[in-house]
Amino acid sequence: MRELNKEERNFLNYLRKNCSRVKYNGYIYYLDKKTKKKYKRSRVIYQIYNSVKLNKFNLIHHIDNNKGNDNIENLKVLAQEEHNSLHCAGKRRSKK
Ligand SMILES: [Zn+2]
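Only a predicted model underlies this, so the values are computations on that prediction, with no experimental measurement involved. (Residues numbered from 1 in each chain as written. Predicted model: local features only at pLDDT ≥ 70, side-chain atom pairs only at ≥ 80, totals over all residues.)

> Now, about the confidence of the model for the protein chain: what can you tell me, with residues and values included?
The predicted coordinates ought not to be read in detail in places where the model reports low pLDDT. Per-residue confidence for the protein chain gives a mean pLDDT of 89; residues scoring 70 or more make up 92%. Within the protein chain, the element-level pLDDT minimum falls on helix α3 (residues 80–88), averaging 90, and the maximum on strand β5 (residues 75–79), averaging 96. (pLDDT = per-residue confidence, 0-100. Helix = DSSP H or I, 4+ residues; strand = E, 2+ residues; numbered from the N terminus.)

The following block contains the structure:
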């Protein structure tokens, strides 16, 4: 795993210090009290470590299925379709 640079670490620290952590649907979010902006922690962490900007069609999957485990090793980016089929395998099929 790569080292984060100072700016990236500062951003993470900023979120940890200035945002309250909220849990919603098992996912952990950072809620910025001033701007009222909500960041999904898994997405923030993934984007920082991989220096990418995810769009809304890229979903973060938790490999161990624990949505609260936002360790970088546990995060995998999947297209919405792939993600759906992964979670719905064996359950109902989505109608198209
Ligand atoms: Zn998932």
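> Break down the environment of Tyr-27 for me, citing the residues and quoting the values.
You can see Tyr-27 is positioned in strand β2 (residues 27–32). Linking Tyr-27 and Asp-70, residues 43 residues apart in sequence, is a C-alpha distance of 9.0 Å. Once you skip the residues sitting within four places of it in the chain, Tyr-27 turns out to touch Lys-40, Ser-42 and Lys-67. (Contact = placed C-beta atoms within 7 Å.)

> Outline the pairing of β2, supporting the account with residue identities and numerical values.
Relative to β2, strand β1 (residues 19–24) runs antiparallel, the two being bridged by 6 bridges. Looking at β2, one finds that Val-22 is bridged to Tyr-29. In this structure, β2 lies alongside strand β3 (residues 38–40), joined through 3 bridges in antiparallel fashion. The residue of β3 that forms the bridge with Leu-31 is Lys-38. (Pairing = 2+ DSSP bridges.)

> Can you tell me about the environment of His-83, naming the residues and giving the values?
With respect to the element layout, His-83 can be found in helix α3. C-beta crowding within 10 Å serves as the criterion here: with 17 such atoms nearby, His-83 is assigned to the partly exposed category. Separated by 22 residues in sequence, His-83 and His-61 have C-alpha atoms that sit 7.1 Å apart. When near neighbours in sequence (up to four residues on either side) are disregarded, His-83 contacts Leu-59, His-61 and Leu-78. (Buried ≥ 20, exposed ≤ 12 C-beta atoms within 10 Å, placed from the backbone.)

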